[in-house]
Structures are given as structure tokens and as C-alpha cells.
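What follows is the residue order along each chain.
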Amino acid sequence: MLEKDQIPKYIHIVGWIATITACCMYVSYVFQIIDNLHGQITPPYQPAVAAVNGVLWVWYAVKIKDWPVAISNAPGIVFGAIACITAIQF
């Protein structure tokens, strides 16, 4: 494993860009949540798996202190769970 000072600067930039795009991907569940709340029920499976995936990645990333990975997957827990719950409840 490389030390932080051995990692090229552009890799840190790519990591943060990937963090932003991953957050955007999970925030896109808002539209699915809105559909569920308006009676257009969507399947709960994919957001449920996204929430579990988010939990596992955040847990892993916090343990190794990889903050971009933790930050980018945290919205998956929240929005995936909400999308799943609204698909089941409404």
C-alpha cells in the first residue's frame, strides 16, 4: 500500500470527483421516493441493496480512514433506505 505522500496529486482529485458523482447517483433516488409518495410504486429491491452496500462500504472506509469512500457511500444508506421504505409503505 502506498503512503499518502507517494500518491500522485491527480489521484486525490479523481477520488474527490468520484465522491461527488457517487453522491449525485444516490441523491437521484429522490425522484424514486417522490414517485413512491405519489402512488407510482417502484420496486424496493435495488434501493434496498444500495442501502446495504452503502453500509458495508462506509463501515469498511471508516475502519481504514478512507474518507472519500465513506462520504460517497453515506448517501446510499440514507436515500436507498428511504426509497425502499417508501416503495413498501406506500
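Position labels on residues start from 1 in each chain and follow its written sequence. Predicted model: local features are reported for residues with pLDDT of at least 70 only, side-chain atom pairs are reported and counted for 80 or more only, and whole-chain, interface and lining totals are derived from all residues. Computation of side-chain values: all heavy atoms of the structure, hydrogens and water removed.

Can you walk me through the overall build of the protein in this structure?
Per the convention used, a helix needs a DSSP run of H or I reaching at least four residues, while a strand needs a run of E reaching at least two, with both numbered from the N terminus. Counting secondary structure elements, the protein contains four helices and zero strands. Of the regular secondary structure in the protein, the N- to C-terminal order runs α-α-α-α. Computation of the radius of gyration draws on C-alpha atoms, with the globule rule given as 2.2 Å multiplied by the number of residues to the power 0.38. Here the protein has a C-alpha radius of gyration of 16 Å; the compact-globule value for 90 residues is 12 Å, and the former is much larger. Summarising its shape, the C-alpha atoms of the protein cover approximately 50 × 20 × 15 Å along the three principal directions.

What am I meant to see in the packing of aromatic side chains here?
Aromatic ring pairs are reported here in terms of the distance separating the ring centres and the angle at which the planes meet. To pair, rings of Phe, Tyr and Trp, with the six-membered ring standing in for Trp, must have centres within 6.5 Å; the planes then decide the type, stacked if under 30 degrees apart, edge-to-face if over 60, and tilted in the middle. A complete count under the given rule lists one aromatic pair for this structure. Between Trp57 and Tyr60, the ring centres sit 5.6 Å apart and the planes meet at 85°, which makes this aromatic pair edge-to-face. Here the residue Trp57 and the residue Tyr60 both occupy positions in helix α3 (residues 45-64), the gap between them amounting to three residues, near one helical turn. The exposure class of Tyr60 is partly exposed, given its relative accessible area of 44%. Three labels apply to residues, based on accessible area from a 1.4 Å probe with only protein chains included: buried if under 20% of the type maximum, exposed if over 50%, partly exposed otherwise in between.

Looking at this structure, how should I read the nonpolar core?
Looking at soluble globular proteins, one finds that nonpolar side chains tend to be buried together. Only buried residues count toward a nonpolar core, which is a set of Ala, Val, Leu, Ile, Met, Phe, Trp, Tyr and Cys residues joined through side-chain atoms within 4.5 Å. Core analysis: the largest hydrophobic core is formed by five residues, namely Tyr26, Tyr29, Ile33, Ala50 and Ala83. If sequence neighbours within four positions are ignored, Tyr26 has contacts with Ala50, Asn53, Ser72, Asn73, Pro75, Gly76 and Phe79. Should any heavy atoms of two residues lie within 4.5 Å, those residues are counted as being in contact.

What is the right way to look at the packing of helix α2 (residues 29-37) against helix α4 (residues 67-89) in this model?
Packed helices, taken two at a time, are described by the angle between their axes plus the distance between the axes. Only the contacting stretch of a helix is used when fitting its axis, a line to C-alpha atoms as for every element, and angles between N-to-C directions run 0 to 180 degrees. At their nearest, the axes of α2 and α4 sit 9 Å apart, and the two run at 20° to each other. Relative to α4, the element α2 lies roughly parallel. In the crossing of α2 with α4, the sense of the turn from one axis to the other is left-handed. Contacts from Tyr29, Val30, Gln32, Ile33, Asn36 and Leu37 in α2 reach Phe79, Gly80, Ile82, Ala83, Thr86 and Ala87 in α4. Residues that form the contact of α2 with α4 fall into these classes: eight nonpolar, four polar and no charged. If an angle is under 35 degrees, it is roughly parallel; if it is over 145, roughly antiparallel; if it lies from 65 to 115, roughly perpendicular; otherwise it is oblique. Each crossing is labelled by how the near helix is turned from the far one, with a counterclockwise turn of less than a right angle marking it left-handed and a clockwise turn marking it right-handed. Note on residue classes: Ala, Val, Leu, Ile, Met, Phe, Trp, Tyr, Cys and Pro are nonpolar, Asp, Glu, Lys and Arg are charged, and everything else, Gly too, is polar.

Just checking my understanding: could you explain α2 for this structure?
Along an α-helix, a turn takes 3.6 residues, which lines up residues three or four apart on a common side. For α2, the complete set of buried residues consists of Tyr29, Gln32, Ile33 and Asn36. With its buried residues spanning 100° around the axis, α2 presents them on a single face. Contact partners of the buried residues in α2: α1 (9-27), α3 and α4. The arc in question is the one traced by the directions running from the helix axis out to the C-beta atoms.

How should a nonpolar patch on the surface be read in this particular structure?
A surface patch of nonpolar side chains, about 380 Å² in accessible area, is lined by Trp16, Val62, Trp67 and Ile71. By the element assignment, Trp67 lies in helix α4. Classification of Trp67 by relative accessible area gives partly exposed; the value is 42%. Patches draw on residues past 30% relative accessible area with no salt bridge. Two like charges within 9 Å are joined, as are two nonpolar side chains (Val, Leu, Ile, Met, Phe, Trp, Tyr) within 5 Å. To measure how exposed things are, a 1.4 Å probe is used in the Shrake-Rupley method; for residues, cover is taken only from the protein chains shown. We define a salt bridge as a contact between a side-chain nitrogen of Lys or Arg and a carboxyl oxygen of Asp or Glu at a distance within 4 Å.

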